[in-house]
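A structural walkthrough
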Amino acid sequence: MFNIFELTQKDPKTLQERALKLAEEAGELAQAVLSVTGAPGSGYKNHSLADVREEAVDAAIVALSILAQACSSREEFDTELERFMTLKCAKWREN
Ligand SMILES: [Mg+2]
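Structural notes, computed from the coordinates. Since the structure is predicted, the reported quantities are computational estimates derived from the model, not experimental observations. (Residues numbered from 1 in each chain as written. Predicted model: local features only at pLDDT ≥ 70, side-chain atom pairs only at ≥ 80, totals over all residues. Heavy atoms only, no water.)

Some thoughts on the packing of aromatic side chains
Inspection of the entire model under this criterion finds one aromatic pair. Between phenylalanine 5 and phenylalanine 77, the ring centres sit 6.2 Å apart and the planes meet at 40°, which makes this aromatic pair tilted. Here phenylalanine 77 lies in helix α4 (residues 74-94) and phenylalanine 5 lies in helix α1 (residues 4-10), a separation of 72 residues in the sequence. Neither phenylalanine 5 nor phenylalanine 77 differs from the other in exposure class; each is buried. Between the NZ or CZ atom of arginine 83 and the centre of the ring of phenylalanine 84, over which it lies, the distance is 4.3 Å. (Phe/Tyr/Trp six-rings, centres within 6.5 Å; stacked < 30°, edge-to-face > 60°. Helix = DSSP H or I, 4+ residues; strand = E, 2+ residues; numbered from the N terminus. Buried < 20%, exposed > 50% of the residue type's maximum accessible area, 1.4 Å probe, protein only. Lys NZ or Arg CZ within 6 Å of the ring centre and 35° of its normal.)

Comments concerning the packing of helix α3 (residues 49-69) against α4
Put simply, α3 and α4 touch, their axes get as near as 9 Å, and they point 125° apart. Compared by their axis directions, α3 and α4 come out oblique. The two elements α3 and α4 meet at a crossing, and its hand is right-handed. Here Leu64, Leu67 and Ala68 of α3 lie close against α4, whose contacting residues are Phe77, Glu80 and Leu81. Looking at the contact of α3 with α4, its residues break down into five nonpolar, no polar and one charged. (Axes fitted to C-alpha atoms, helices over the stretch in contact; angles between N-to-C directions. Parallel < 35°, antiparallel > 145°, perpendicular 65-115°, else oblique. Left-handed = near helix turned anticlockwise from the far one by under 90°. Contact = heavy atoms within 4.5 Å. Nonpolar A, V, L, I, M, F, W, Y, C, P; charged D, E, K, R; others polar.)

Things to note about the state of the cysteines
Tallied over the full model, the rule gives zero disulfides. The structure places no disulfide on cysteine 71, whose sulfur is separated from the nearest cysteine sulfur, that of cysteine 89, by 17 Å. (Disulfide = S-S within 2.5 Å.)

Considerations on the packing of helix α2 (residues 15-36) against α3
Two elements in contact, α2 and α3, have axes whose closest approach is 9 Å; the angle formed by their N-to-C orientations is 165°. By the criterion of interaxial angle, the relationship of α2 to α3 is roughly antiparallel. Crossing hand, α2 versus α3: left-handed. Across from Leu15, Arg18, Ala19, Lys21, Leu22, Glu25, Glu28, Leu29, Ala32, Val33 and Val36 in α2, the residues of α3 making contact are Leu49, Asp51, Val52, Glu55, Ala56, Asp58, Ala59, Val62, Ala63, Ser65, Ile66 and Gln69. Class assignment for the residues of the contact of α2 with α3 results in 14 nonpolar, two polar and seven charged.

Structure representation (structure tokens):
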């Protein structure tokens, strides 16, 4: 999807660095959500739902790049993404 596998291959980050980057992006997403929902101590940061959307996509891209780095080919990445999305969404649907 959007050449995530190829982009990941061209980016020299290690798997550990990507995992830390995901934690960073999750923090930015949490900050935007806390701000936009007016959580005590966070409302002054003036984030918008546009910020929430952007940070959600940042986190998703980094998570997909971790999947890509854990795969040895574009085909494996596509197959594993489809397989796990199908499996996990089916489990979510059951809940
Ligand atoms: Mg971000």
